[in-house]
Amino acid sequence: MEVHVFNLKDDYFVLDIGSGVLHQIDKLAAEVIVKIQQKNSSSEIVEELTDYAQSEVLEVIAEINSLRENNLLFTQDVLTEYHPELSDTVVKALCLHIAHDCNMRCKYCFAETGEYKIGQRELMSVETGQAAVDFLVSKSKGRRNLEIDFFGGEPLMSFDTIVQIVEYAEIQADKFDKNIRYTLTTNGVLLTDKVLNFITKNDIQLIMSHDGREAVHNKMRPFTAGKPSYQVVTERFKHALEKGVSDYHVRGTFTAYNTDFVQDIKHLLAIGFKHISFEPVVTDPAEDYALGDQHLEQVKKEYEKLAEFYLECYQQGHPFTFFHFEVDLNQGPCLAKRLTGCGAGYDYLAVAPNGDFYPCHQFVGLPEFKLGNVVEKELNSEVAQRFLSAHIFNKPACKECWARYYCSGGCHADAFYRNNDLHQPVQYSCELQKKRLECALAVKARIAGVK
């Protein structure tokens, strides 16, 4: 019987983990619930909460017991194990690495500025991209809604290839009654009118990389010759918005140099962006820009500051979306997604320019994680099952964590690169995720008026 009590300033909440029900409560109820969870009796609770009248405490205890009887609090979690079978899965999405090359040299780039761990710059051929489409259509079985992500490096360095892949994919979608949704991640340098027209015509969602304030952006995201990129990138993205691009996210990365990243989010809003994602850098801890335990409390406070700013903007009538705050209090992801997460390695795959399959973009180039090739058309079941089995009930740190049905065990790549173990989440990342989730639940509850 688990619950999680938390607060955002003077607002208190309790999440019933087993049922997913969120309650907004007062400080007294929060203190009572914590003591109930500690197995204290009613008489012990009354004796310990001397700052409140006995009648008040007893009334709150009675209300909590009523919620418990109606399975709205301290609900028994019936889920204790999960045994997914690879034969039951379908491939739903592919991340096509159109270009293992880039026109920028971002310092924190996990793709090694485009070479990944393969050690060479390369562009995907049209034939390889079309073979990947055929694979997706075939392996999606009866699933109708599919996704193709165009990724790099910088995918727009091979724009004509993207055009031909989309044209082919649409033909196959019509032929096999599929609906394919497209996303494209770009640094913005090559967003010409021709590109923007194609993007809007084909309803392609743009993921636009921008780190916020000019000095912050230029420090980490220079051009190949080390020259600043802020002005060019910002002009290109503003032009995209002016041309009517509305299906987008601008994605920023914060490092040890900008733990005050709320200022960067405000800067992005001032540029004109309304849909924002800002992620903590994942890199070698030895790097001077790496985030570590010494930054944890500052970053947590920054998320709280962001939550207050998010609510302020909503209340003033000019809301924006922040990716990690967009939780659904009513439904949310299906159970399988809550248990297993992103699906990397079995229903979501990355395709290198040479057609090799990997679990996701962050594993590309690691031989031990190669799943196959578009020519072979069959996946390495051992690697796929390894990822499918890396769910929350097979991760000791996740089994008892209150956030497990929202976090789904965290990022596999983060766990592998930091701990060399898919089943051992990174503690630092867990702490940030839980703080983000508390803020997300709090702002959505306050907006929805949850009681």
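As a reminder, the structure under discussion sits directly above these lines.
Residues numbered from 1 in each chain as written. Predicted model: local features only at pLDDT ≥ 70, side-chain atom pairs only at ≥ 80, totals over all residues. Heavy atoms only, no water.

Of the regular secondary structure elements, the protein holds 16 helices and 15 strands. For a compact globule of 451 residues, the expected C-alpha radius of gyration is about 22 Å, and the protein comes in at 24 Å, within 12% of that figure. Projected onto its principal axes, the C-alpha coordinates of the protein cover approximately 75 × 50 × 45 Å. A total of 451 residues make up the protein; the buried ones form 53% of that total. Partitioning the contacts of the protein with sequence separation of at least 6, the portion at a separation of at least 24 is 69%. Counting only carbon and sulfur atoms, one obtains 47% of the accessible surface of the protein, whose full area is about 20,300 Å². Taking the average location of the 47 positive side-chain charges in the protein and that of its 64 negative ones, the two points are 4 Å from each other. (Helix = DSSP H or I, 4+ residues; strand = E, 2+ residues; numbered from the N terminus. Rg over C-alpha atoms; globule rule 2.2 N^0.38 Å. Buried < 20%, exposed > 50% of the residue type's maximum accessible area, 1.4 Å probe, protein only. Contact = heavy atoms within 4.5 Å. Areas by Shrake-Rupley, 256 points an atom, 1.4 Å probe, with all protein chains shown as cover. Lys, Arg positive; Asp, Glu negative; His and termini not counted. Charge placed at Lys NZ, Arg CZ, Asp CG, Glu CD.)

Moving on to the sheet that holds strand β1 (residues 3–8). In space, the three strands of this open sheet follow the order β1-β2-β3, with antiparallel pairing throughout. In this open sheet, the two strands that pair with only one neighbour each are β1 and β3 (22–25). On average, adjacent strands in this sheet sit at an angle of 25° to one another, irrespective of strand direction. By the bridge criterion, six bridges tie β1 to strand β2 (residues 11–16) in an arrangement that is antiparallel. Across the sheet, the residue bridging to Leu8 is Asp11, located in β2. (Pairing = 2+ DSSP bridges. Axes fitted to C-alpha atoms, helices over the stretch in contact; angles between N-to-C directions.)

Looking now at the packing of helix α4 (residues 126–139) against helix α5 (residues 159–175). In contact at an axis separation of 9 Å, α4 and α5 are set at 30° when each is read in the N-to-C sense. By the angle class used here, α4 and α5 are roughly parallel. Considering the relative orientation of α4 and α5, their crossing is right-handed. Listed contacts from α5 to Val126, Gly129, Gln130, Val133, Asp134 and Val137 of α4 are Thr161, Gln164, Ile165, Tyr168, Ala169 and Gln172. The residue inventory of the contact of α4 with α5, partitioned by class, reads six nonpolar, five polar and one charged. (Parallel < 35°, antiparallel > 145°, perpendicular 65-115°, else oblique. Left-handed = near helix turned anticlockwise from the far one by under 90°. Nonpolar A, V, L, I, M, F, W, Y, C, P; charged D, E, K, R; others polar.)

Another aspect to go through is helix α3 (residues 54–69). It helps to recall that an α-helix has 3.6 residues per turn; residues three or four apart then point in one direction. Taking 1.5 Å of rise per residue, the 16 residues of α3 would be expected to cover 22 Å, and the 23 Å separating its terminal C-alpha atoms lies within 8% of that figure. Those residues of α3 that sit buried are Val57, Val60, Ile61 and Ile64. Relative to the axis of α3, the buried residues are bounded by an arc of 100° and lie together on one face. In this structure, α3 carries Ser55 and Glu69 as exposed residues pointing more than 90 degrees from its buried face. For α3, the elements touching its buried residues are α1 (27–37) and α2 (42–48). (Expected span 1.5 Å × (residues − 1). Arc of directions from axis to C-beta.)

Another aspect to go through is the nonpolar core. Counting 123 residues, the largest nonpolar core has Leu94, Leu96, Phe150, Phe273, Leu306 and Phe322 as the members making the most contacts within it. Beyond its immediate chain neighbours, meaning those up to four positions away, Leu94 contacts Ala132, Phe135, Leu136, Glu147, Ile148, Asp149, Leu349, Val351 and Phe357. (Core = buried A, V, L, I, M, F, W, Y, C linked by side-chain atoms within 4.5 Å.)

Here Thr234 is to be found in helix α8 (residues 230–242). The exposure class of Thr234 is buried, given its relative accessible area of 7%. With residues near it in sequence (within four places) discarded, Thr234 still touches His210 and Ile271.

Bringing unusual backbone geometry into the picture now. At the junction of Gly152 and Gly153, the peptide bond is cis and its omega measures out at 15° in the coordinates. Structurally, the position occupied by Gly153 is in the loop between β7 (145–151) and α5. Despite not being glycine, Asn71 has its phi angle at roughly 55°, a positive value. Within the secondary structure, Asn71 sits in the loop between α3 and β4 (93–97). In this model, Phe74 sits at a positive phi of 55°, which is unusual for a non-glycine residue.

By the element assignment, Val34 lies in helix α1. Judged by relative accessible area, Val34 falls into the partly exposed class, the value being 31%. Along the chain, Val34 and Leu329 lie 295 residues apart, while their C-alpha atoms are 22 Å from each other.

Quick look at the pattern of salt bridges now. Two side chains bearing opposite charge may form a pair once their charged atoms approach each other closely. For the coordinates displayed, the defined rule picks out 20 salt bridges. With a closest N to O distance of 3.2 Å, Glu431 and Lys300 form a salt bridge. Separated by 131 residues along the polypeptide, Glu431 in helix α16 (residues 427–448) and Lys300 in helix α10 (residues 296–315) bring together distant segments of the chain. Because the salt bridges share partners, they merge into one network encompassing Glu297, Lys300, Glu431 and Lys434. (Salt bridge = Lys/Arg side-chain N within 4 Å of Asp/Glu carboxyl O.)

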